[in-house]
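# Examining the three-dimensional arrangement
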Amino acid sequence: AAHHGQAEDDDSFSSALRKATWQDHGDSEHSTFMEDIMKGDAGRDDYAALVAQHYFLYVALEEACAQLAADESYAAFHPAALVRLPALEEDLEFLLGDDWRDRIAPVPTTEAYVARINEIAAEGWKPGLVAHHYTRYLGDLSGGQAIARLVARQHGFERAGVAFYDFAELGPIPHFKKSYREALDALGTLLSAEEQQRVVDEVREAYRFNTLTFVDLD
């Protein structure tokens, strides 16, 4: 996951989320595994292993976030163009071959991460789903774009291999990120201070899962 750029600090809920999780973002970004990816020191197999973890995670996340898409109050967070699973399947077939499903497995932290998302979905706690949605998708739209450029240049990929990071159908990324932050701010006005803190804590938990996934991949 990558932290999500914002023009100004203010008293909004989106700004509060960003500021409260800045250190968690740094811990995730500077894990040895991700540093190797970003420096070009990781091989194609290492990158494929990362894509495989994304696959298991997004199977759970996108199934859970159908709850958001079906609720008018939350639908703005999860438009159809944001869905990543078809792109992940495309990338894994390119990276590993037709038998990719038989060649991948979740690391222990990914299993725990998936279990946490499923737990929130079963509870029906939609702000909690937003916490994980925000951490993942806004990261894909922010630092994830830099990852895609670096990996594509290192391995000579065009779309295949980095299709996961291609959000062309979403329209201009800055426009969507702005509308996403506005949706977060609107959600914040509906939550008590206690519930806002609970969402912040869940975002921090999502960052923790991401960081420990990189440790497992190391």
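Residues numbered from 1 in each chain as written. Predicted model: local features only at pLDDT ≥ 70, side-chain atom pairs only at ≥ 80, totals over all residues. Heavy atoms only, no water.

Applying the stated criterion across every chain yields a total of 12 aromatic pairs. Members of the aromatic cluster, joined through ring pairs, are Y58, Y137, F164 and Y165. Taking the ring centre of F167 as reference, the NZ or CZ of R84 above it sits at 3.9 Å. A cation over a ring is seen here: R208 above F209, with NZ or CZ 4.9 Å from the ring centre. (Phe/Tyr/Trp six-rings, centres within 6.5 Å; stacked < 30°, edge-to-face > 60°. Lys NZ or Arg CZ within 6 Å of the ring centre and 35° of its normal.)

Moving on, we get to the layout of surface pockets. Here the second largest pocket defines a volume of roughly 170 Å³. Lining the second largest pocket are 13 residues, with V83, R84, R159, D166 and E169 positioned closest to its centre. Classifying every residue of the lining of the second largest pocket by side-chain character gives 8 nonpolar, no polar and 5 charged. (1 Å grid on protein atoms, 1.4 Å probe; cavity = no way out; pocket = protein on both sides within 12 Å on 5 of 7 lines; lining within 4 Å. Points joined across faces, edges and corners; volume = space filled by probe spheres on them. Nonpolar A, V, L, I, M, F, W, Y, C, P; charged D, E, K, R; others polar.)

As a further point, take the pattern of salt bridges. Under the definition given, this model contains 11 salt bridges. The shortest N-O distance in the salt bridge between K178 and E182 comes to 2.7 Å. One end of the pair, K178, and the other, E182, are both in helix α11 (residues 173-190), 4 residues apart, so they sit about a helical turn from each other. A relative accessible area of 47% places K178 in the partly exposed class. For the salt bridge of R198 with E195, the shortest nitrogen-to-oxygen distance reads 4.0 Å. Of this pair, R198 and E195 both sit in helix α12 (residues 193-217), 3 residues apart, which is roughly one turn of the helix. The class of R198 is partly exposed, set by a relative accessible area of 33%. Among the charged side chains, a salt-bridge network with shared partners connects E90, R159 and D166. (Salt bridge = Lys/Arg side-chain N within 4 Å of Asp/Glu carboxyl O. Helix = DSSP H or I, 4+ residues; strand = E, 2+ residues; numbered from the N terminus. Buried < 20%, exposed > 50% of the residue type's maximum accessible area, 1.4 Å probe, protein only.)

On to the nonpolar core. Formed by 69 residues in total, the largest nonpolar core has its most connected members in L17, I37, Y47, Y58, F77, L92 and V162. At 11 residues, helix α4 (residues 44-64) tops the list of elements feeding residues into this core. Setting aside residues no more than four positions away along its own chain, Y47 makes contact with I37, L95, V151, F157, G161, V162 and Y165. (Core = buried A, V, L, I, M, F, W, Y, C linked by side-chain atoms within 4.5 Å. Contact = heavy atoms within 4.5 Å.)

It is worth spelling out the environment of N210 at this point. With respect to the helices and strands, N210 occurs in helix α12. Once the C-alpha coordinates of N210 and T109 are considered, the two residues, 101 residues apart in sequence, prove to be 8.2 Å apart. A polar contact of 2.7 Å, which involves the side chain of N210, links it to the side chain of R136. (Polar contact = N/O pair within 3.5 Å; in protein donor to acceptor, adjacent residues only side chain to side chain.)

None of the figures reported here should be taken as evidence of function without further support.
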